[in-house]
Amino acid sequence: MDDQTFAQPAAALRDARSVVILTGAGVSAESGIPTFRDTMEGLWASFDPQQLATPEAFARDPGLVTRWYDHRRLGCAACEPNPGHLALARMEREICALGGEFTLLTQNVDGLHRRAGSADPVELHGSVMTWRCSETGEAVTPPPPPAPWPGFPPKSPSGAPVRPDVVWFGEALPEEALERSFDALSSCDLLVSVGTSAVVYPAAGFIEVAVANGARTIEVNPKDTPMTPIVTWALRGPSAGILPLLVERAFD
Ligand code: OAD
């Protein structure tokens, strides 16, 4: 990709007063995070993830569902943030140092944005790294990786099964996360969407909301998405390569 490709989006980033980032699974691809489907190997090969990631599955067999999520928790903990995550953390520091506003919205549950130094990401689908009592909602801290929970399902101090703090199919997105998202989208002048197929709502609709509010938009993805026709600039390639170049071009 030639230098000219970055000139306009980098200038828009440098000049933006309020930036929203929306990330999806692609931003973690170069960290080796297994996709939903890729975690279904070995012991898990005969299961359908759509059948495990539901409140009904947890009610039916909490031991099985929590064992699978602990496998995913330890898998994520064994991966490291990549240069794309680190570039987003630097972008936040640069924008905030210039007095701007910065909000990172992620659909990922892997916790890698926090580990890369992003201050307060909005985790739209929750996180496999944090767990809570299924009855009271009280946080229950898992053993530090690589140690698994001592038994499945794990139990809270009150004896109820503990569940991962993720949004399952059929569950609503956390209200606070949605509020923070729409607040940020209503005032942003630049939205950068990274590594998302932009087909799962409401996150996919966030790009449309930003465009309707007059924001400029950058899409970072090796492939076209349904939102490509409406974005201002499409930067084609893996985010671990593109994001560091964009941030360097904007702030160095
Ligand atoms: P998807 O798996 O739907 O899309 C991943 C996107 O990342 C695709 O557009 C790829 O082209 C792109 N991609 C692949 N490698 C990349 C790389 N190295 N750099 C940048 N982009 C790359 O993932 P999401 O859009 O995150 O929901 O999907 C959203 C939600 O759908 C997920 O959170 C999950 C799933 O159902 C729940 O778990 C509730």
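Residues numbered from 1 in each chain as written. Predicted model: local features only at pLDDT ≥ 70, side-chain atom pairs only at ≥ 80, totals over all residues. Heavy atoms only, no water.

Chemist: Could you clarify how one ought to interpret the overall build of the protein in this entry?
Modeler: A tally of regular secondary structure across the protein gives nine helices and nine strands. The C-alpha atoms of the protein give 19 Å as radius of gyration, which agrees with the globular expectation for 252 residues (18 Å, within 12%). Principal axes of the C-alpha set define a box for the protein whose edges measure 55 × 35 × 30 Å. For the protein, the proportion of its 252 residues judged to be buried stands at 51%. Excluding contacts between residues fewer than 6 apart, the proportion of contacts in the protein whose partners are at least 24 apart in sequence is 69%. Only carbon and sulfur atoms are counted for the fraction: they give 54% of the accessible area of the protein, which is about 11500 Å². Across the protein, 19 positive and 31 negative side-chain charges occur, with their mean positions spaced 3 Å apart. (Helix = DSSP H or I, 4+ residues; strand = E, 2+ residues; numbered from the N terminus. Rg over C-alpha atoms; globule rule 2.2 N^0.38 Å. Buried < 20%, exposed > 50% of the residue type's maximum accessible area, 1.4 Å probe, protein only. Contact = heavy atoms within 4.5 Å. Areas by Shrake-Rupley, 256 points an atom, 1.4 Å probe, with all protein chains shown as cover. Lys, Arg positive; Asp, Glu negative; His and termini not counted. Charge placed at Lys NZ, Arg CZ, Asp CG, Glu CD.)

Chemist: Is there a simple way to explain the domain arrangement of the protein in this structure?
Modeler: Accessible area lost when the parts come together is the quantity often used to give the size of an interface. Domain annotation for the protein reports domain 1 (3-32 + 81-125 + 173-251) and domain 2 (37-78 + 128-166). Taking the mean C-alpha position of each, domain 1 and domain 2 sit 29 Å from one another. Taken together, the contact between domain 1 and domain 2 spans five residues of the former and seven residues of the latter. When domain 1 packs against domain 2, close to 410 Å² is buried across both sides, 52% of that on carbon and sulfur atoms. (Domains from an automatic or database assignment. Buried area = accessible area lost by both parts, 1.4 Å probe.)

Chemist: Explain the packing of helix H5 (residues 83-97) against helix H9 (residues 239-251) here, please?
Modeler: Two numbers describe a pair of packed helices, the interaxial angle and the distance between the axes. Remark: H5 packs on H9, axes separated minimally by 7 Å, with the N-to-C direction vectors making an angle of 25°. Here H5 lies roughly parallel to H9, going by the angle between them. Regarding H5 and H9, the two cross each other, and that crossing is left-handed. Contact residues: Pro83, Gly84, Ala87, Leu88, Arg90, Met91, Glu94 and Ile95 in H5; Ser239, Ala240, Leu243, Pro244, Val247, Glu248 and Phe251 in H9. Classifying every residue of the contact of H5 with H9 gives 10 nonpolar, two polar and three charged. (Axes fitted to C-alpha atoms, helices over the stretch in contact; angles between N-to-C directions. Parallel < 35°, antiparallel > 145°, perpendicular 65-115°, else oblique. Left-handed = near helix turned anticlockwise from the far one by under 90°. Nonpolar A, V, L, I, M, F, W, Y, C, P; charged D, E, K, R; others polar.)

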